[in-house]
Amino acid sequence: MTIRYILKQLLMPPGCLLLLLLLGWCLRKRAPWLSALCLLLGFGGLWALSLPVAVEWGAQLLERDEQPLAEAEWQSLAQRAEVIVVLGAGRTQDDPAWGGVDQPSPVAIERLRYAARLARASGLPLLTSGGAPYGRPLSEAELMADSLARDFAAPVRWQEPASRTTWENALFTAKLLREQGVERVVLVTQAWHMRRARWCFEQQGLQVTSAPSGFLGVPSGRPVGGWLPEGSPVWQNAILLNEAIGLLAYPLFYGGK
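Draft legend 1. The environment of glycine 42, seen in detail. Following the sequence through the fold, glycine 42 ends up in helix α3 (residues 32-49). Looking at glycine 42, the relative accessible area reads 0%, which means it is buried. Distance in space between the C-alpha atoms of glycine 42 and leucine 19 is 7.9 Å, their sequence separation being 23 residues. When near neighbours in sequence (up to four residues on either side) are disregarded, glycine 42 contacts Leu17, Leu20 and Leu21.

Draft legend 2. Geometry of the sheet that holds strand β7 (residues 207-213). Judged by pairing direction, the sheet is parallel, and its five strands sit side by side in the order β5-β4-β1-β6-β7 without closing on themselves. The outermost strands of the open sheet, each flanked by one partner alone, are β5 (158-160) and β7. Geometrically, the sheet is characterised by an average inter-axis angle of 25 degrees between neighbouring strands, direction not taken into account. In this structure, strand β1 (residues 83-87) lies alongside strand β4 (residues 126-129), joined through four bridges in parallel fashion. Residue pairing in the sheet places isoleucine 84 in a bridge with leucine 126 of β4. Where helix α6 (residues 140-152) meets the sheet, it contacts β1, β4 and β5, and its direction lies at approximately 145 degrees from that of β4.

Cut-offs and rules
- Residue indices begin from 1 for each chain and proceed along its sequence in written order.
- Where local features are concerned, this predicted model is filtered to residues with pLDDT of at least 70; where side-chain atom pairs are given and counted, the filter is 80 or more; whole-chain, interface and lining totals use all residues.
- Each side-chain value is worked out from all heavy atoms of the structure, with water and hydrogens disregarded.
- Secondary structure follows DSSP: runs of H or I at least 4 residues long count as helices, runs of E at least 2 residues long count as strands, and numbering of each begins at the N terminus.
- Exposed residues in this analysis have more than 50% of their type's maximum accessible area, buried residues have under 20%, and partly exposed residues fall in between, with area computed by a 1.4 Å probe over protein chains only.
- Any two residues whose heavy atoms approach within 4.5 Å at even a single point are treated as in contact.
- Whether two strands pair depends on DSSP finding at least two bridges between them.
- The angle between two axes is taken between their N-to-C directions and runs from 0 to 180 degrees, where each axis is a line fitted to C-alpha atoms and a helix contributes only its stretch in contact.

Structure below.
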């Protein structure tokens, strides 16, 4: 897992762009033209990565088939599904505000808040899915279940604490639910992640009602139309690029399974 993490950070932006800048600097005397190309790609890539408008455009491509659930539909979800499944989204480690205990990440909290609203409106039970990829003592499923119960007054019926990827979220959740005779789910995750997540769950034979949250493909409202560089788009554009790669790679790796 450590090697995989290191390779991913080096091959994905901004790591690969910083490597291009380093390579351009090292080649400045031996290969000036190649050095200039590396520097141009590195600086250009970092600039594009930092633009809010790039987040908006990239997210619109990933979210183009996703429609939010209208609030009028929430109560009728029990007619279409048997459980609300919330996917993990990382953690904030050793948060001093919570006594040094890990907490769900801000992205995960966004999912939990939405799932809690859906659960109260529909009466459907909740299932949290997410493991502990880096060996932390509590799984993401446990952290999310605790937050749902304490912060949103929405107790969780089932936890799936072993998955490390979206494919494993679906694989292990489907196994758990089949043992309970459940095959229709409401799936809660970010809108930009929903297409891949839904595909994974449907590959396991589950009937999925999408409940996307956290849409990024909306006007940024920034001055100058979002063409000035900022800090947060670097992270957002990186996760969108990671998602785009996942959309292409998952059918190749898991399409026959």
